[in-house]
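Residues per chain are reported as follows:
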Amino acid sequence: MASGKNFSELINGEQPVLVDFYATWCGPCQMMQPILQETASKVGGMAKIIKIDVDKNPLAASKYQVKGVPTLILFHKGKPVWRQSGVVPAHQLVQVIQQHALENA
């Protein structure tokens, strides 16, 4: 997945980016996969959704103080504008993304 420069470039773009900080061994993280797919289908090109494995990218997890997984952070122009830990329903993610995408359009 995205790391280093690619990650910075992604989150610093004009388009909001929802980052799912996860771990392969985490049960709730596995529950997020279909929720993220549903969210992506509903928001279309309004936002990018990427997954970051905290075990493979400990620096990114540390930089954004990810203490537990899953942690979802919505970035816009490089700044975290929303974050939540745990399983988040698709309708809530869609609402958050739409709010920030329209607010900053």
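Here the structure is a predicted model, which is why all the values come from computation and not from measurement.

Peer 1: How should I be thinking about the environment of A61 in this particular structure?
Peer 2: Position of A61 relative to the elements: it lies in helix α3 (residues 58-63). Note: C-alpha distance between A61 and Y22 (39 residues apart in sequence) is 9.4 Å.

Peer 1: For this particular structure, what's the right way to read the state of the cysteines?
Peer 2: Tallied over the entire structure, the rule returns one disulfide. Each disulfide pairs two cysteine sulfurs, and for C26 the partner residue is C29, the sulfurs being separated by 2.4 Å. Taking the torsion about the sulfur-sulfur bond, which here is approximately 80°, the covalent link between C26 and C29 counts as right-handed. Side by side, C26 and C29 carry an identical accessibility label, which is buried.

Peer 1: Would you mind going over the sheet that holds strand β3 (residues 71-76) with me for this structure?
Peer 2: Paired through their backbone hydrogen bonds, the strands of a sheet run either parallel or antiparallel. Spatially, the four strands line up as an open sheet ordered β2-β1-β3-β4, and their pairing is mixed. Looking along the sheet, the strands with just one partner apiece sit at the ends: β2 (48-53) and β4 (79-85). Neighbour-to-neighbour, the strand axes of this sheet turn through a mean angle of 20°, independent of strand direction. By the bridge criterion, six bridges tie strand β1 (residues 17-22) to β2 in an arrangement that is parallel. Each bridged residue has a counterpart across the sheet, and for V17 the counterpart in β2 is K48. Along the sheet face, helix α2 (residues 27-43) touches β1, β2 and β3 and points at about 165° away from the line of β2. Relative to β4, helix α4 (residues 90-103) is tilted by about 170°, and along the sheet it contacts β1, β3 and β4.

Parameters at a glance
- Residues numbered from 1 in each chain as written.
- Predicted model: local features only at pLDDT ≥ 70, side-chain atom pairs only at ≥ 80, totals over all residues.
- Heavy atoms only, no water.
- Helix = DSSP H or I, 4+ residues; strand = E, 2+ residues; numbered from the N terminus.
- Disulfide = S-S within 2.5 Å.
- Buried < 20%, exposed > 50% of the residue type's maximum accessible area, 1.4 Å probe, protein only.
- Pairing = 2+ DSSP bridges.
- Axes fitted to C-alpha atoms, helices over the stretch in contact; angles between N-to-C directions.
- Contact = heavy atoms within 4.5 Å.

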